[in-house]
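Architecture and fold: a report
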Amino acid sequence: QAQFAESGGGLVQAGGSLKLSCTASGWPMEWFSIGWFHQAPGKERRAVACNNLNDISTYFEDSVKGRFTVSRENAQNTVYLEMKNLKPEDTGIYYCAVPSQDCTGAVDEYAHWGQGTQVTVSP
């Protein structure tokens, strides 16, 4: 079955930028829609955005609209989450996963979770 791995996290000062990657193995990324999720320390995992098979993205969190952008490069089997103007509240683990059908903000509708990548934004 397909597997997905997140990478690109790190430590950045408030106002800085990071670009996360979700890379597929086992099957082509072009076969999958991909959701991005944020789990802040001590809080529940929440859907941030989802990129569908036509490279159209939906953003579920008002706090990231205008700052985060999801895109894909199927030749690299990768979906990206570009984060700009980072804020301390963006700190947490970021995951990617596959929706059972269409892109949705419901976390329970996703499967094939990666291990996540840590993002830390300092004041």
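Residue numbering note: each chain is counted from 1, following its sequence as written. This being a predicted model, a pLDDT of at least 70 is required before a residue's local features are given, and a value of 80 or more before pairs of side-chain atoms are given or counted; all residues contribute to the totals for chains, interfaces and linings. To obtain the side-chain values, all non-hydrogen atoms of the structure were used and water was disregarded.

As a further point, take the overall build of the chain. Secondary structure elements are defined from DSSP: runs of H or I of at least 4 residues count as helices, runs of E of at least 2 residues count as strands, and each element is numbered from the N terminus. When its secondary structure is counted, the chain shows 0 helices and 11 strands. Ordering the α and β elements of the chain from the N terminus gives β-β-β-β-β-β-β-β-β-β-β. The globule rule used here is 2.2 Å times the number of residues to the 0.38 power, and the radius of gyration it is set against is calculated over C-alpha atoms. Radius of gyration (C-alpha) of the chain: 13 Å, near the 14 Å computed for a compact globule of 123 residues. Structurally, the chain occupies a C-alpha span of about 40 × 25 × 25 Å along its principal axes. Buried means the residue's accessible area, taken with a 1.4 Å probe over protein chains only, is under 20% of the maximum for its type, while exposed means over 50%, and partly exposed covers the values in between. The proportion of buried residues among the 123 residues of the chain is 41%. Here, residues are in contact when the closest pair of their heavy atoms is within 4.5 Å. Here the contacts in the chain between residues at least 6 apart in sequence split such that 56% fall between residues at least 24 apart. For accessible areas, the Shrake-Rupley method is used with a probe of radius 1.4 Å. Any residue's cover is judged against the shown protein chains and nothing else. Summing over all exposed atoms, the chain offers an accessible surface of approximately 6,500 Å²; the carbon and sulfur share of this is 45%. One way to put it: in the chain the 9 positive side-chain charges average out to a point 7 Å from where the 13 negative ones average out. A positive count includes Lys and Arg, and a negative count includes Asp and Glu. His and the chain ends are not counted in either. Every charge is mapped to an atom, namely NZ of Lys, CZ of Arg, CG of Asp or CD of Glu.

The next thing to look at is the state of the cysteines. When two cysteine sulfur atoms are found within 2.5 Å, that pair is recorded as a disulfide. One pass over the full model with this rule turns up 2 disulfides. Each disulfide pairs two cysteine sulfurs, and for Cys22 the partner residue is Cys96, the sulfurs being separated by 2.1 Å. Across the S-S bond linking Cys22 and Cys96, the dihedral sits near 75 degrees, which makes this disulfide right-handed. Of this pair, Cys22 sits in strand E3 (residues 18–25) while Cys96 sits in strand E9 (residues 92–99); the two residues are 74 residues apart in sequence, bridging distant segments of the chain. Pair check on accessibility: Cys22 and Cys96 agree, each one buried. Across a sulfur-sulfur distance of 2.0 Å, Cys50 and Cys103 are joined as a disulfide pair. Disulfide Cys50-Cys103: torsion about the S-S bond near -70 degrees, hence left-handed. On the criterion of sequence distance, the pair formed by Cys50 in strand E5 (residues 46–51) and Cys103 in the loop between E9 and strand E10 (110–111) is long-range, its members being 53 residues apart. Take Cys103: its relative accessible area is 25%, and that puts it in the partly exposed class. Each disulfide in the chain links cysteines that, numbered along the sequence, combine into the pattern 1-3, 2-4.

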